[in-house]
Amino acid sequence: MKIAFSPCPNDTYVFHALTHGKIEGAPDFQVTYADIDVTNTLAIDGDPDDHDVMKISFAALPWALEDYHLIPCGGALGRGCGPLVLTNGEKQAQDMIGKRVAVPSERSTAYMLFRLWAKQQVEGQFGEIVVMPFHQIMPAVKEGEVDAGLVIHEARFTYEKFGLSKLVDLGDWWETDTGSPIPLGAIIAKRELDVSTITDWIRQSIEYAWAHPEASKSYVMEHAQEMDEHVAASHIDLYVNEFTRDLGTEGYRAIHELLGRAAEEGIVPPVPKERLYDAVK
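Residues numbered from 1 in each chain as written. Predicted model: local features only at pLDDT ≥ 70, side-chain atom pairs only at ≥ 80, totals over all residues. Heavy atoms only, no water.

K.L.:
Quick rundown of the pattern of salt bridges? Include the residues and the values.
P.N.:
Summed over the entire model, instances satisfying the criterion amount to 17 salt bridges. Residues Asp45 and Arg107 are paired through a salt bridge, measuring 3.3 Å at the closest nitrogen-oxygen approach. In this pair, Asp45 is assigned in helix α2 (residues 36-45) and Arg107 in the loop between β6 (101-103) and α4 (109-121), connecting sequence segments 62 residues apart. The class of Arg107 is partly exposed, set by a relative accessible area of 29%. A cluster of three or more residues bridged by salt bridges with shared partners is formed by Asp49, Asp52, Lys190 and Glu192. (Salt bridge = Lys/Arg side-chain N within 4 Å of Asp/Glu carboxyl O. Helix = DSSP H or I, 4+ residues; strand = E, 2+ residues; numbered from the N terminus. Buried < 20%, exposed > 50% of the residue type's maximum accessible area, 1.4 Å probe, protein only.)

Spelled out as structure tokens, the structure:
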């Protein structure tokens, strides 16, 4: 079976057991490690036969649901884990009108949240949006190549080392505005597969990771892009939580609200609510 997910610590931690023969009855998995922008593109424009299971942004989900189910576990959704907009020096939102902003993907949940926040909070338009790999964004802001940067993942823990300032925590904004957690990354599986079994395998992989936290450590660090162990552990603690085990009522409500708001703004096509739930038995 073919699976694609990012090399980020939360994904390698969650899928370690599943991809290393630790889950009884699960097949061998052929793993593709890819940035979320790559998997979003594969889910929307790629051949579904190329990957059976993938990690994508919730922002890409409306286009993927024709060929894939949303799996109710394994993804990234939570509180206090939102994307940040960073600047070089203290700035206000209005200072960014007409300025260049770097983003990790135009199809990412982070960029979707940025657009929803800007629509509500900023009286004016940002300037050029520049897409670049997320690990290049903070250096670009520091060097003045862009005026602001939208960052994700471990940048929450490291941006101050670059001398950067937080313009806005989009997670704080979203949670204050909606009361809901933030839907960031989704797990999808091809519609012709037995999604109940896949869901069970992924849940077992999560439970194994929690029960044996040291088992995946070398695998996580191998793919952590020179991240130190403390940052990797903080990353896992933040993004792997009870919503990873089960989206639940609160998680699905947050997803429906995010995609509903985005559809109202014309950012994504509308998603029928029942389509989100059709992998839940």
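K.L.:
I'd love a proper account of the state of the cysteines, names of residues and values included.
P.N.:
Tallied over the entire structure, the rule returns 0 disulfides. For Cys8, which is in no disulfide, the shortest distance to another cysteine sulfur is to Cys81 and amounts to 13 Å. On the accessibility criterion, Cys8 (8% relative accessible area) is buried. Here Cys73 stays free of any disulfide, with the sulfur of Cys81 as its closest cysteine sulfur at 17 Å. (Disulfide = S-S within 2.5 Å.)

K.L.:
I'd like a rundown of the layout of surface pockets, residues and numbers included.
P.N.:
Counted as a void, the largest pocket has a volume near 370 Å³. Within the residue set of the lining of the largest pocket, elements represented by two or more residues are α5 (134-142) and α6 (155-158). For the lining of the largest pocket, the element with the most residues is α5, which contributes 4 residues. In terms of residue class, the lining of the largest pocket is built from 10 nonpolar, 3 polar and 4 charged. As a volume, the second largest pocket reaches approximately 310 Å³. Looking at the second largest pocket, it is lined by 13 residues, and the ones nearest its centre are Arg115, Ala118, Lys119, Gln125 and Phe126. Looking at which element gives the most residues to the lining of the second largest pocket, the answer is α4, with 5 residues. Looking at the lining of the second largest pocket, its residues break down into 7 nonpolar, 3 polar and 3 charged. (1 Å grid on protein atoms, 1.4 Å probe; cavity = no way out; pocket = protein on both sides within 12 Å on 5 of 7 lines; lining within 4 Å. Points joined across faces, edges and corners; volume = space filled by probe spheres on them. Nonpolar A, V, L, I, M, F, W, Y, C, P; charged D, E, K, R; others polar.)

K.L.:
Got a sec to walk through helix α10 (residues 229-239)? Specific residues and values, please.
P.N.:
Of the residues making up α10, those classed as buried are Val231, Ala232, Ser234, His235, Ile236, Leu238 and Tyr239. The inward-facing, buried residues of α10 contact α1 (9-19), β4 (68-78), α6, β10 (182-190), α9 (217-222) and α11 (242-245). One side-chain oxygen at the N-terminal end of α10 lies 3.1 Å from the backbone nitrogen of His230; it belongs to Asp228. (Contact = heavy atoms within 4.5 Å. Polar contact = N/O pair within 3.5 Å; in protein donor to acceptor, adjacent residues only side chain to side chain.)

K.L.:
Help me get a handle on the sheet that holds strand β5 (residues 84-87), residues and values and all.
P.N.:
Judged by pairing direction, the sheet is mixed, and its 5 strands sit side by side in the order β7-β6-β8-β5-β9 without closing on themselves. Bordering the open sheet on either side are β7 (129-131) and β9 (165-169), each of which pairs with just one other strand. Averaged over all pairs of adjacent strands, the angle between strand axes in this sheet comes to 25 degrees, irrespective of strand direction. Pairing geometry for β5 and strand β8 (residues 148-151), over 4 bridges, is antiparallel. (Pairing = 2+ DSSP bridges. Axes fitted to C-alpha atoms, helices over the stretch in contact; angles between N-to-C directions.)

K.L.:
Residue-level account of empty space enclosed by the protein, with values.
P.N.:
Summed over all chains, the structure comprises 2 cavities of 30 Å³ or more. Around the largest cavity, the lining is made up of 22 residues, and of these Ile36, Ile152, His153, Leu184 and Gly185 lie nearest the centre. Only α1, β3 (53-57), α4, β10 and α10 provide two or more residues apiece to the lining of the largest cavity. Partitioning the lining of the largest cavity into residue classes produces 10 nonpolar, 9 polar and 3 charged. Its boundaries defined by the atoms lining it, the second largest cavity holds a volume of some 50 Å³. As for the second largest cavity, its lining consists of Pro7, Cys8, Pro9, Phe134, Glu154, His223, Ala224, Gln225 and Met227. Taken together, the residues of the lining of the second largest cavity break down into 6 nonpolar, 2 polar and 1 charged.

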